Amino acid sequence: MSEVKIAAAVRTEFGKGAARSIRRDSQVPAVVYGHGSEPAHVTLPAHELALALRTPNVLLSLDIDGKNALAIPKAVQRDAIKGFLVHVDLLLVKRGEKVTVEIPVQAEGELAAGGNLLEHVLGTLSIEAEATHLPESVTVSVEGLEAGASILAKDIELPKGSTLVTDADAVVLQVLAAQAEEPAAETEAAVSTEA
């Protein structure tokens, strides 16, 4: 995983009016906290931050008033309608430190013939990994699985250096049989006999 360098400026004004003013200047209000230090209220460039947040569990190298700090996104708030960044909470991390994060589960391959459906019971897995080597996602093969098959969290091969935090027996993916529709003639006959 690569680090994304972003310059942060300390902010001294708080509240809705100040936050709106910050966003009008193409900045995003954020809070950086962790390791027992006082939370730092900062602003980050909106465009650079939005690009960085496209990568799940991105590692941010922040330059806060000449001091470097590593952080990962903990909570990202977006506008419900327009989708722009409203506020971000960042968690301070250190090299070599283990952190718990959610990674997306992606399925690949074709199910067995028969019109079966794949249900994503869990969209993400909770794992523990080194802060500077966080995986972006995990891929699971569903090649040839038939109706009734399921993949548990413990069955998924995690990236090297990662350990599973999610319950090992939790169902992540399952294959459902396609529902057959009743033929139209039988349905009409059933309706006419009831009348």
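Above this text is the structure in question.
The following refers to the structure shown. Computed from a prediction, not measured in an experiment: that's the story for all the values here. (Residues numbered from 1 in each chain as written. Predicted model: local features only at pLDDT ≥ 70, side-chain atom pairs only at ≥ 80, totals over all residues. Heavy atoms only, no water.)

Focus on the sheet that holds strand E5 (residues 67–78)
Now for step 1: The strand order E1-E3-E2-E6-E5-E4 describes a closed barrel built from six strands, whose pairing is mixed. When the angles between neighbouring strand axes are averaged without regard to direction, this sheet yields 45°.
Now for step 2: With seven bridges connecting them, strand E2 (residues 27–34) and strand E3 (residues 37–45) associate as antiparallel partners. Each bridged residue has a counterpart across the sheet, and for Gln-27 the counterpart in E3 is Pro-45. (Pairing = 2+ DSSP bridges. Helix = DSSP H or I, 4+ residues; strand = E, 2+ residues; numbered from the N terminus. Axes fitted to C-alpha atoms, helices over the stretch in contact; angles between N-to-C directions.)

Comments concerning the sheet that holds strand E10 (residues 138–141)
Now for step 1: Taken in spatial order, the four strands make up an open sheet running E10-E7-E9-E12, and their pairing is mixed. Strands with a single pairing partner mark the edges of an open sheet, and in this sheet they are E10 and strand E12 (163–164).
Now for step 2: Bridging between strand E7 (residues 98–108) and E10 involves four bridges; their strand directions are parallel. Among the inter-strand pairings, Ala-107 is bridged to a residue of E10, identified as Val-140.

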